[in-house]
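In case you want the letters, here they are:
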Amino acid sequence: LPAPRWPVECEVIQETIKHIEWVPPEPEPFCPPMGLEQALDTFSEEQGTVVYHSCPVLQGSRFTCARVGGAPGPLSSPAAPLTSPQDTTLLFESRFESGNLQKVIKVGPYEYVLTLRPDLYTAKHTQWFYFRVQNTRREPLYRFTITNMAKPRSLYGQGLRPLLYSQQDAQSHGIGWRRVGTNVRYYRGSAGEPPEFRLSWTVRFPHDGDTCFFAACYPYTYSDLQRYLRALVADPVRSRYCAVRALCRSLAGNTVYLLTITGPGSTAGKRVVVVSARVHPGESGGSWAMRGFLNFLLSAHTEAQLLRRLFIFKVVPMLNPDGVVVGNSRCSLAGRDPNRAYRTALPGSFPGVWHLRAMVQRMLAEREVVLYCDFHGHSRKNNVFMYGCDAGGNSAGTRLRQRVFPLMLSKNAPDKFSFASCKFQVQKSKEGTGRVSMWRLGVSHSYTLEVAFSGSTLGGRSSHFSVEDLESLGRLLCDTLLDFCDPAPAKLQQCLVEADSLLQEQMGRELGSGGSWSDVSPSELESSTSGSDSSVSNG
């Protein structure tokens, strides 16, 4: 499999960055939420010393060409050199896959102010972060402040903590990514327009002289996907019922992979399930859920064999590989959000989106597509939930069936999935999303699966998701698909009755005893839900 291709403006270090996988022995609790605070002053270079500055791609520029290894020629030195063995300055780096640190100012002996690189060829979309620090000291309490987060609300204000990876702990103790940080705060930092927000935390490093990484969520790079697919293709058992092909090439020339998974023998009469992930590159939890989905579907488990016998699965595990490679939060190299481009996408601008939509159109001409599910991450709501499609105007039965799959999933994953957080309104601003586009094409059950960057508040939990939690979502989705398509209708009928009762109860609180929920538009229906925030969905 070819090495990742980068825009020629991007410098890339030669080291291979790999992390071990590890699940903490106990769930990692949320930290106590800190009160909001306003910035007392502005950080500037005059207040401190620039210790890292990776030259940004100029705003207003456009993607032109790409090559393996990024920029040709010798690398620059963005990190300030240490002046002596006693110099305690941290050495920063992020010129590797999915890294996105632009600038660091040292404003105190152990305090650093960080600026993230916006999505390439844009001036915004700063949310994801992933960078390396070296020359650590074990005793001091360090403080890090990211000054240019884009969103006014964040789970960092509700107990989410950053991730730390210690190379020494990985090598000596088999410990991988873990949640760290005290005094985690998320607050408005500038009065200008557009406003910027700050994420601040304090931390002690576990070792002197360590190499550590910080990240917003467990990284899953394009190279990680390629390693997974290489092992899959080399497996004589799993490769019998999984074909790996190129759906298309990205703008940079990276392969957008398409997996076709089904059992041996005739495909006559088989229905199709389409699953995709990482249209938004900064939502890496979607890749871990996707890996869990593939691991289960390609296993020898009896239910996996049944799924392969019943369905043809079309899986695109990474729709936006270029964005993943360069460390974007939301956009492709077109400088726009691909999940708003399904209605207008041209193959030359958004190849992954265009070819996925075209493939589904071809499938629909030949057979039924029973489900489309696009895996995402969410930065402002805890738990796992779905967005579906209910435009109103349909029969009550049709509108109810939109809600049955998420309701079934909530029963299979009661400690992770929140049916109460699901939304089904089709907003005008979301017409360009994969979920709505596939539904408009004729996929009757089309969903976005949203996985919180944080974790779960359900089933007695108040803790972060581990990689194991994220991967379990893929298996639970498979379980739910079997329940949903079970020829014995008992579970389906039970969920239809329950969904009807929940909706009527919801409207009863709002309308009194008269009227039926089925007479009410989706927007009115969801506005009656306390704490509705469908208007701020990541989508």
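Going along each chain's sequence as written, the residues are numbered from 1 onward. It should be noted that, the model being predicted, local features are given only for residues of pLDDT at least 70 and side-chain atom pairs only at 80 or more, the latter also being counted only at that level, while totals for whole chains, interfaces and linings use all residues. Side-chain measures here rest on the full set of heavy atoms in the structure, leaving out hydrogens and waters.

## A few points about the UniProt feature "domain: Peptidase M14" (unreviewed entry) in the protein chain
Annotation from UniProt places "domain: Peptidase M14" (unreviewed entry) at residues 218-485. Secondary structure counts use DSSP, requiring at least four H or I residues in a row for a helix and at least two E residues in a row for a strand, with both numbered from the N terminus. As annotated, residues 218-485 comprises 37% helix and 22% strand, and the C-alpha atoms at either end are separated by 33 Å. UniProt positions are given in the numbering used here, feature names are shortened, and annotations may be inferred rather than shown by experiment.

## Details of the side chain of Glu-97
Inspection of the secondary structure puts Glu-97 in the loop between strand S4 (91-93) and strand S5 (101-108). Partly exposed residues are those whose accessible area sits between 20% and 50% of the maximum for their type, while under 20% is buried and over 50% is exposed, using a 1.4 Å probe and protein chains only. Counted as positive: Lys and Arg. Counted as negative: Asp and Glu. His and the chain ends are not counted at all. The term salt bridge refers to a side-chain nitrogen of Lys or Arg lying within 4 Å of a carboxyl oxygen of Asp or Glu. Although Glu-97 is buried, it forms no salt bridge, and the closest oppositely charged side chain is Arg-227 at an N-O distance of 6.1 Å. A distance of 3.2 Å separates a polar atom in the side chain of Glu-97 from the backbone nitrogen of Tyr-222. Any pair of nitrogen or oxygen atoms within 3.5 Å is treated as a polar contact; in protein, a donor-acceptor pairing is required on top of that, and neighbouring residues in sequence qualify only through side-chain atoms on both sides. Here Ser-223 takes part through its side chain, which lies 2.4 Å from a polar atom of the side chain of Glu-97. By definition in these notes, contact holds between two residues if any of their heavy atoms fall within 4.5 Å. Setting aside residues no more than four positions away along its own chain, Glu-97 makes contact with Pro-4, Trp-6, Tyr-130, Thr-221, Tyr-222, Ser-223 and Val-325.

## A look at the environment of Ser-284
Here Ser-284 lies in the loop between strand S16 (271-277) and helix H3 (285-297). Ser-284 sits 64 residues away from Tyr-220 along the chain, and the two C-alpha atoms are 5.8 Å apart. In this structure the side chain of Ser-284 is engaged in a polar contact, spanning 2.8 Å, whose partner is the backbone oxygen of Tyr-218.

## Regarding helix H7 (residues 396-412)
Any helix carries an expected span of 1.5 Å times its number of residues minus one. Compared with the 24 Å implied by 1.5 Å per residue over 17 residues, the 25 Å span of H7 between its first and last C-alpha is a close match. Note on bend: at a given residue it equals the angle between the axes fitted to the 7 residues ending there and to the 7 starting there. A maximum bend of about 30° is found in H7 at Val-404, where proline Pro-406 lies one to four positions downstream. Arg-399, Leu-400, Gln-402, Arg-403, Val-404, Phe-405, Pro-406, Leu-407, Met-408, Leu-409 and Ser-410 are the residues of H7 that are buried.

## Things to note about the nonpolar core
Among the nonpolar cores identified, the biggest contains 126 residues, and Phe-92, Phe-144, Phe-214 and Phe-293 are the most heavily contacted of them. The element best represented in this core is helix H9 (residues 467-484), accounting for 9 residues. An automatic or database domain assignment supplies the residue ranges for each domain. Two domains each provide a minimum of three residues to this core, namely domain 1 (7-22 + 41-216) and domain 2 (222-507). In this structure Phe-293 touches Val-275, Phe-313, Val-315, Phe-375, Glu-471, Gly-474, Arg-475, Leu-477 and Cys-478, once residues within four positions along its chain are discounted. Joining through side-chain atoms within 4.5 Å is the link that ties buried Ala, Val, Leu, Ile, Met, Phe, Trp, Tyr and Cys residues into a set, and such a set is a nonpolar core.

## What about the environment of Tyr-165?
Looking at where Tyr-165 falls in the secondary structure, it is placed in strand S9 (residues 163-166). Leaving out residues up to four positions away in the same chain, Tyr-165 has contacts with Lys-18, His-19, Ile-20, Ala-170, Gly-176, Trp-177, Thr-211, Cys-212 and Phe-213.

## Examining the packing of aromatic side chains
Pairing of aromatic rings covers Phe, Tyr and Trp, the last through its six-membered ring, and needs centres within 6.5 Å; plane angles under 30 degrees mean stacked, over 60 mean edge-to-face, and all others mean tilted. Taken as a whole and assessed by the stated rule, the structure comprises 34 aromatic pairs. Taking 6.4 Å as the distance between ring centres and 40° as the angle between the ring planes, the aromatic pair formed by Phe-129 and Phe-131 counts as tilted. With respect to class, Phe-129 is no different from Phe-131; both count as buried. Their ring planes at 55° and their centres at 6.2 Å tell us that Tyr-130 and Trp-177 sit as a pair that is tilted. With Tyr-130 in strand S7 (residues 130-134) and Trp-177 in the loop between helix H1 (167-173) and strand S10 (178-179), this residue pair connects regions lying 47 residues apart in the sequence. Trp-177 matches Tyr-130 in its accessibility class, with the two residues each being buried. Chaining the aromatic ring pairs together yields one cluster made of Phe-92, Tyr-110, Tyr-112, Phe-129, Phe-131, Tyr-142, Phe-144, Trp-201, Phe-205 and Phe-214. Two limits define a charge over a ring: the Lys NZ or Arg CZ must be within 6 Å of the ring centre, and within 35 degrees of the ring normal. Over the face of the ring belonging to Phe-385 we find Lys-381, whose NZ or CZ atom lies 4.2 Å from the ring centre.

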